[in-house]
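# Chains, contacts and geometry: an overview
Spelled out from the first residue to the last, the chains are:
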Amino acid sequence: MARYLTWIDSLNRAAGRLAGWFLLAMVLIQVLVVLLRYVFNIGFLWMQESVLYLHVGLALFAAGFALLNNVHVRVDIFYQTAAPRMKALIDLAGTLVFLLPLCVLIFWKSLPFVAASWSVLEGSAQPSGLPAVFLLKTSILCFAFLLGLQGLAFAIRAFDALVTGVGRQ
């Protein structure tokens, strides 16, 4: 089991590193777009669309990484002051009741949407835009898969903490 948890963590660490590169590329391209537009009066739609693609990739590929590092958004009413066992129970219940069903629902509902996009290799509605909308839509499936896997690892660790009595501090 530990080997699978390590594999899931490694996968989401890699996705998080990829998201970091997306952030760097997004900033550099956006600066270039602004310079070209306002200094040289030149505009490239494909560059502007690439910033959108990178932004989507950043948000969707970093979600599992955020959960892995426990930096996700949490409604913290009781959690911060709770005992380790209660934290593990909250983590397990929240993951099983909310996170995993949501990931399954997102994956299941977006699968036909993504498949339809792939069937026509959907591209930008603009003639000079990026011809890869199907890849952009595929990132929804990647998001649900990566976050769901990390949620599963999170739930297993929470269950283990409940059973062994050792939890996060």
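The structure this text deals with has already been given above.
### A look at the packing of helix 2 (residues 45-61) against helix 5 (residues 133-164)
Running from N to C, helix 2 and helix 5 cross one another at 10°; their axes reach a closest spacing of 9 Å. With respect to each other, helix 2 and helix 5 are oriented roughly parallel. Along its contact with helix 2, which presents Tyr53, Val56, Leu60 and Phe61, the element helix 5 presents Val133, Leu136, Ser139, Ile140, Cys142, Phe143 and Leu146. Partitioned by chemical class, the residues of the contact of helix 2 with helix 5 number 10 nonpolar, one polar and no charged.

### Focus on unusual backbone geometry
The phi dihedral of Asn70 falls on the positive side, at around 55°, and the residue is not glycine. Locating Asn70 in the fold gives a position in the loop between helix 3 (63-68) and helix 4 (84-119). Accessibility expressed as a relative area gives 28% for Asn70, which makes it partly exposed. Phi at Leu121 is positive, roughly 45°, even though this residue is not glycine. Mapped onto the elements, Leu121 comes out in the loop between helix 4 and helix 5.

### Focus: the side chain of Asn12
Topologically, Asn12 is positioned in helix 1 (residues 2-39). Overall, the relative accessible area of 0% leaves Asn12 in the buried class. From its side chain, Asn12 meets the backbone oxygen of Leu146 in a polar contact 3.4 Å long. In this structure Asn12 touches Gly64, Phe65, Leu68, Leu146 and Gln150, once residues within four positions along its chain are discounted.

About the criteria used
Residues numbered from 1 in each chain as written. Predicted model: local features only at pLDDT ≥ 70, side-chain atom pairs only at ≥ 80, totals over all residues. Heavy atoms only, no water. Axes fitted to C-alpha atoms, helices over the stretch in contact; angles between N-to-C directions. Helix = DSSP H or I, 4+ residues; strand = E, 2+ residues; numbered from the N terminus. Parallel < 35°, antiparallel > 145°, perpendicular 65-115°, else oblique. Contact = heavy atoms within 4.5 Å. Nonpolar A, V, L, I, M, F, W, Y, C, P; charged D, E, K, R; others polar. Buried < 20%, exposed > 50% of the residue type's maximum accessible area, 1.4 Å probe, protein only. Polar contact = N/O pair within 3.5 Å; in protein donor to acceptor, adjacent residues only side chain to side chain.

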